[in-house]
Amino acid sequence: MLLKIEKRAEYSKSMVYLTPVIALVLTVLTSIVLFESLGVNPIEALYQFFIAPLDTEYEFSELFVKATPLILCAIGLSVGFRANVWNIGAEGQLTMGAIAGSSLFIYFPETDSIFLLPAMIIMGALGGAAWAAIPAFFKTRFNANEILTSLMLVYVALLLLSLLIHGPWRDPAGFNFPESQTFSDSADMPILIPGTRMHFGTLLALLAVFGAWIMMARTLIGFQVKVIGEAPRAGGYAGFSQKKIIWFTLLFAGALSGIAGLSEVSGPIDQVVPSISPGYGFTAIIVAFLGRLHPVGIFFAGLLMALTYLGGETAQINLGLPVAVTGVFQGMVLFFLLACDVLVHYRFRLNIARKATS
Amino acid sequence: MNETEGAVPQLELRGITKAYPGCLANDHIDLKIMPGEIHALLGENGAGKSTLVKIIYGVLQADDGDIIWAGTPVAIANPHSARKTGIGMVFQHFSLFEAMTVTENIALGMSGRQDMKVLERDIVQVSNSYGLPLEPNRQVHTLSVGEKQRIEIVRCLLQKPKLLIMDEPTSVLTPQEAEKMFETLRRLSDEGVSILYISHKLDEIKALCHKATILRGGKYISECDPTQETAKSLAEMMIGTNLQAPEHHETSKGGRVRLKVRNLSIDADVEFGINLSAINFDVRGGEILGIAGVAGNGQIELLAALSGETTSRDAETITLDDKAVGQLGPNSRRDLGLAFVPEDRLGHGSVPEMMLTENAFLSGFRRMSLLNGGFINNGGTSDYASDIVQKFDVRTPGIYHTANSLSGGNLQKFIVGREVLQKPNVIIVAHPTWGVDAGAAAFIHQTLIDLAENGAAVLVVSQDLDELFAISDRIAVIAEGRLSVGRELSEITIEEIGLLMGGTQGMGEAGGVSDVA
């Protein structure tokens, strides 16, 4: 008997949706081994990870709070990934969006116009897009690898944030803590459900999901993105410009990541701090792939990854597990997912050894 | 080449069976090749030839049946063990790394470590002695289809195989080059090397092969001596029905010029690309102009310039129905009635992983008005795709299947159909029947002729001279980026064209190309 990998004649549509499930099952199985070796009861640990964070209505709403930036970033990234534009700098674009958006409040703190928040959201989108425009320019002009440029710009953005918050943006009445003053009501994201932290940004994320879905499924620009990603020469044949798509996907991802960043500082954080995101921009890469680069898939994948953040916190509090467990969990999901994706184009077959008879 | 009693076949297949989901690709196939025999494997696309040779070469494993090599049953687990056994293969679709050089690609296909210096010398030597010139240090992505195929052939010859499998090797060669390769093959055959030869060119098989095995629908049909058959009888055995030659009425020569190219010069943007220099030609409505030439002489560049994938500096260099279009992109040219069938079906003419509907939309969305304010008209797109499938006899389980699930011939019919249904005024077709079976080829030829008779200007770029002679009114030859004057079919012979094609390939002087009266 021999296990054999065989290419499928046509890619398996069911496997496209099944592999995330298989990857999750494998992640859970592996984590049981992991918890066991850490000396923790695996059942208890899994309970703390996946069930306990959803116990109360408040905690359930927290899921959406965490999922909002993940979904926003992942939607943007997924469109780029469909076009083979590997923007992995959403974290930086998120940071620049937060900086650009909150600059309006920082420099006009007294404003109580109802247009302040919309203007901040627009500024956030522009800030993120501007940051993403840098890799787009270098890619289209000099063919510089966007993986490198977008990643490096993450660190530039984080340092810029740090510079601002330790310098000019520090709250004069803040006892020298590296924090801005807290946002006024007109600069805050409205809360959707009183008593929770679920805010207007979640609606923006849902809007992004819906909009991206329509765009990818029904519009010419979405079609162009897909064609350029799968067969650039066929794209040229159809008269689609690869450069235009590179610009579009990067600006689109930058804008959504920028909105994500702004909705964090104007939402749950309520001020500018040196660390805006616990790596949402990076986790969004996992979310995008786990969601099969499909907006609806990304919505659910975003919720799931948000759960790992929450679960990591509960496991930390209740079981004394290190915070790194969250990262390990997320990494395993991506690892198994990429491995399982072989099944989309290939299948395993048992080859029963035959005896050569002559 | 009769079967000698007592002689041991180099390769014998008994009852080879291979099933794919939903189709029996090989159904108990028998085959016997004697040492030194040139054996043709004939059959339509989808007849199971590729599957069978992949089994011999170890790419696929048979579900049932035996492979007997020089009298002993063998199991060929993978291409590596096939090469070790002494089987070499030149594939129809190349397996080359585009970003690597010729030498590196050849080294990768060989077992063990290679001394690159020695290998380079061997490559030059083998390629020269077999008339397959190659520059060892060029990167593969800068090469044309024809040159890429030479790499594959040289790669095999370097390993001194006992059985050489060749999958349509001459489709990209000039007649002279092909003839030279036949000499090579005959010499190999005299040296005792068996050759399994797959081709659609029946005349070629008659001239070269000692034996032919015919497959149809995955089944063994018969074994015959091709020298005793006519091309027509061979084709009929392959298809199982009677063949009709394309009907070509005398066209009215007074049609107006629909595609005019004047002084088109474009510098190649990739290293080793071919510069187009001062290309001039006209195609009139109702006319088919054939452009012959060996791969890599500027066809790719010319086609890109005509389709609008590269634009020229001067708008006046290309005119479509009296409109200067040299600076317009592909879509604006389509709006003016240009249609285009590229050389590569997968990845250029179609998106392999996309459904037929999406591939119909790809080039048809403007002419067929499949867009409503930026939104894709799904209903209209499906209707259009179904229309193509029906009218052009595309054999597919449905329009929601991907392009790469179709066989080469069917995909080509789909692409040609997609372009023809857009009712073009000018259609440019590159290699319309490369790797397409005889039935589909005849159909595509007839389609192009019908289109011309309805007033369109048709430009066909091909390396298959039989094809060009079958359908063209005039033929011009491209060599090293220059185009000869187009000449009426009655004024030119295959030999003359062959000389023009090879003119700059070291066989003669290039000077004669551009100033043929």
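The shown structure was predicted, so the numbers you read here are calculated from the model rather than taken from an experiment. (Residues numbered from 1 in each chain as written. Chains lettered and ligands numbered in written order. Predicted model: local features only at pLDDT ≥ 70, side-chain atom pairs only at ≥ 80, totals over all residues. Heavy atoms only, no water.)

(A) Here's a closer look at the overall build of chain B. Helix and strand counts for chain B stand at 16 helices and 23 strands. The contacts in chain B between residues at least 6 apart in sequence include a share of 67% that link residues at least 24 apart. Counting only carbon and sulfur atoms, one obtains 50% of the accessible surface of chain B, whose full area is about 20500 Å². (Helix = DSSP H or I, 4+ residues; strand = E, 2+ residues; numbered from the N terminus. Contact = heavy atoms within 4.5 Å. Areas by Shrake-Rupley, 256 points an atom, 1.4 Å probe, with all protein chains shown as cover.)

(B) Spatial organisation of the packing of aromatic side chains. With the rule as written, the count across this model stands at 23 aromatic pairs over all chains. Geometrically, the ring pair formed by Phe 223 of chain A and Phe 240 of chain A is edge-to-face, given 6.1 Å between the ring centres and 85 degrees between the ring planes. Taken together, the residues Phe 223 of chain A in helix α8 (residues 220–230) and Phe 240 of chain A in the loop between α9 (232–237) and α10 (242–269) connect sequence positions 17 residues apart. Since its relative accessible area comes to 4%, Phe 240 of chain A is described here as buried. Connected via pairs of aromatic rings, a cluster forms that spans Phe 35, Phe 49, Phe 50 and Phe 329 of chain A. Here the guanidinium or amino end of Arg 334 of chain B rests over the ring plane of Tyr 237 of chain A, the centre of that ring lying 5.0 Å away. (Phe/Tyr/Trp six-rings, centres within 6.5 Å; stacked < 30°, edge-to-face > 60°. Buried < 20%, exposed > 50% of the residue type's maximum accessible area, 1.4 Å probe, protein only. Lys NZ or Arg CZ within 6 Å of the ring centre and 35° of its normal.)

(C) Layout of the pattern of salt bridges. With the rule as written, the count across this model stands at 20 salt bridges over all chains. A salt bridge links Lys 139 of chain A to Glu 146 of chain A; the shortest N-O distance between them is 3.0 Å. A salt bridge links Glu 12 of chain B to Arg 14 of chain B, with the nearest nitrogen and oxygen atoms 3.1 Å apart. Relative accessible area serves as the criterion here: at 13%, Glu 12 of chain B is assigned to the buried category. A network of salt bridges, in which partner residues are shared, links Arg 256, Arg 258 and Asp 321 of chain B. (Salt bridge = Lys/Arg side-chain N within 4 Å of Asp/Glu carboxyl O.)

(D) Representation of the domain arrangement of chain B in the model. All names here are of chain B. Structurally, chain B comprises domain 1 (11–239), domain 2 (244–337 + 425–517) and domain 3 (349–423). In this complex, domain 2 contributes 16 residues to the contact, which on the side of domain 3 involves 15 residues. Taken over both partners, the interface formed by domain 2 and domain 3 buries close to 1300 Å², and the fraction arising from carbon and sulfur atoms is 63%. Of all residues in domain 2, the largest losses of buried area upon contact with domain 3 belong to Arg 334, Asp 335 and Phe 443, amounting jointly to 37% of the total for that side. Applying the counting criterion to the domain 2 and domain 3 interface returns 2 salt bridges. For the salt bridge of Asp 335 with Arg 366, the shortest nitrogen-to-oxygen distance reads 2.9 Å. At the boundary of domain 2 and domain 3, one finds 4 residue pairs in polar contact (both at pLDDT 80 or more). Where the side of domain 2 that touches domain 3 is concerned, the elements lending two or more residues are α10 (330–335), β19 (426–430) and α14 (438–453). (Domains from an automatic or database assignment. Buried area = accessible area lost by both parts, 1.4 Å probe. Polar contact = N/O pair within 3.5 Å; in protein donor to acceptor, adjacent residues only side chain to side chain.)

(E) Up close: the pairing of strand β4 (residues 64–69) of chain B. Residue and element names in this part refer to chain B. Pairing geometry for strand β1 (residues 11–20) and β4, over 5 bridges, is antiparallel. Residue pairing across strands places Leu 11 opposite Trp 69, the latter belonging to β4. Inspection of the sheet shows β4 paired to strand β5 (residues 72–74) by 3 bridges, in the antiparallel sense. Bridge pairing in β5 places Trp 69 opposite Thr 72. Where β4 hands over to β5, the hairpin turn is made up of 2 residues, of which Ala 70 adopts a positive phi near 50 degrees. (Pairing = 2+ DSSP bridges.)

(F) Here's a closer look at helix α12 (residues 378–391) of chain B. Residue and element names in this part refer to chain B. Compared with an ideal rise of 1.5 Å per residue, which puts 14 residues at 20 Å, α12 spans 20 Å between its outermost C-alpha atoms and is within 8% of the ideal. Taken residue by residue, α12 has Gly 380, Thr 381, Ser 382, Tyr 384, Ala 385, Ile 388 and Val 389 as its buried positions. Elements that come into contact with the buried residues of α12 comprise α11 (356–364), β18 (375–376) and α13 (408–420). For α12, the N-terminal cap is Asn 377; the gap from its side-chain oxygen to the backbone nitrogen of Gly 379 is 3.3 Å. Positive phi shows up at Asp 393, right after α12, with a value of about 55 degrees. (Expected span 1.5 Å × (residues − 1).)

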